Amino acid sequence: MFLAFLSVGLSGFGGVLPFARRMLVERRAWLSEDAFNETLALCQTLPGPNIVNLSVVVGSRFAGPMGATAAVAGLMAAPVAIVLVLATLYGRYGAIGRAPAMLEALGAAASGLVAATAAKMAWPIIRRRPVSAAPFIALAFVGVGLMRLPLVWVLLALAPISVAIAWRLKS
């Protein structure tokens, strides 16, 4: 458990959800696509970082409290050490040369990873429920991503309609 989440923690910086999904669903098959989506949805409702919550849930599901501790320790150990080293280096060399531009490029790469993970998570839902899921995913993207509307208002508008349509299609 520790080594699995250590590899996730070493894979990314501040946006490791894509790597966690790949490890949990595709490589180790500890969770199915649906189980991952459901577990992540639960973790998003809890206070704290989603990926840390996910490591606690997965670790405890497979190995109890020790698994949860090992998963969180693995997830956090390397990034904490790396941040301390990078902070020291940035303090000394941060304004020199191309360092600021490199940091901007890292932000763009992280955005791409988040978009790819969102698409991977949406695809199983769209496959299962193309009529009820796809339009709402698209509308939420347009509202929040393109029109820059507050997420709360978009969810308050779309959630009741989505639930009503899903309920009606299920009946």
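Source: prediction; values computed, not measured.

Calculation criteria
- Residues numbered from 1 in each chain as written.
- Predicted model: local features only at pLDDT ≥ 70, side-chain atom pairs only at ≥ 80, totals over all residues.
- Heavy atoms only, no water.
- Domains from an automatic or database assignment.
- Contact = heavy atoms within 4.5 Å.
- Buried area = accessible area lost by both parts, 1.4 Å probe.
- Salt bridge = Lys/Arg side-chain N within 4 Å of Asp/Glu carboxyl O.
- Helix = DSSP H or I, 4+ residues; strand = E, 2+ residues; numbered from the N terminus.
- Buried < 20%, exposed > 50% of the residue type's maximum accessible area, 1.4 Å probe, protein only.
- Polar contact = N/O pair within 3.5 Å; in protein donor to acceptor, adjacent residues only side chain to side chain.
- Expected span 1.5 Å × (residues − 1).
- Arc of directions from axis to C-beta.

## Here we look at the domain arrangement of the protein
Next up, step 1: When its domains are assigned, the protein resolves into domain 1 (2-93) and domain 2 (110-170).
Next up, step 2: For domain 1 and domain 2, the distance between their C-alpha centres works out to 24 Å.
Next up, step 3: Across the boundary between the two partners, domain 1 contributes 10 residues, which contact 9 residues of domain 2.
Next up, step 4: Both sides of the domain 1 and domain 2 interface together cover about 840 Å² of buried area, and 58% of this is carbon and sulfur.
Next up, step 5: For the interface between domain 1 and domain 2, the tally reads 3 salt bridges.

## A few points about the side chain of Arg21
Next up, step 1: Relative to the helices and strands, Arg21 is located in helix H2 (residues 17-27).
Next up, step 2: For Arg21, a relative accessible area of 4% puts it in the buried group.
Next up, step 3: Within the structure, the side chain of Arg21 is placed 2.9 Å from the side chain of Glu26, a separation counted as a polar contact.
Next up, step 4: For Arg21, the residues in contact, after removing those within four places along its chain, are Glu26, Glu33, Phe36, Thr117, Lys120 and Met121.

## Quick look at helix H3 (residues 33-45)
Next up, step 1: The terminal C-alpha atoms of H3, which comprises 13 residues, lie 19 Å apart, in line with the 18 Å expected from a rise of 1.5 Å per residue.
Next up, step 2: If you check which residues of H3 are buried, you get Phe36, Asn37, Thr39, Leu40 and Cys43. Axial view of H3: buried residues confined to an arc of 170°, hence all on one face. Away from its buried face by more than 90 degrees, H3 exposes Glu38 and Thr45.
Next up, step 3: The secondary structure elements touched by the buried residues of H3 are H2, helix H4 (50-93) and helix H5 (99-128).

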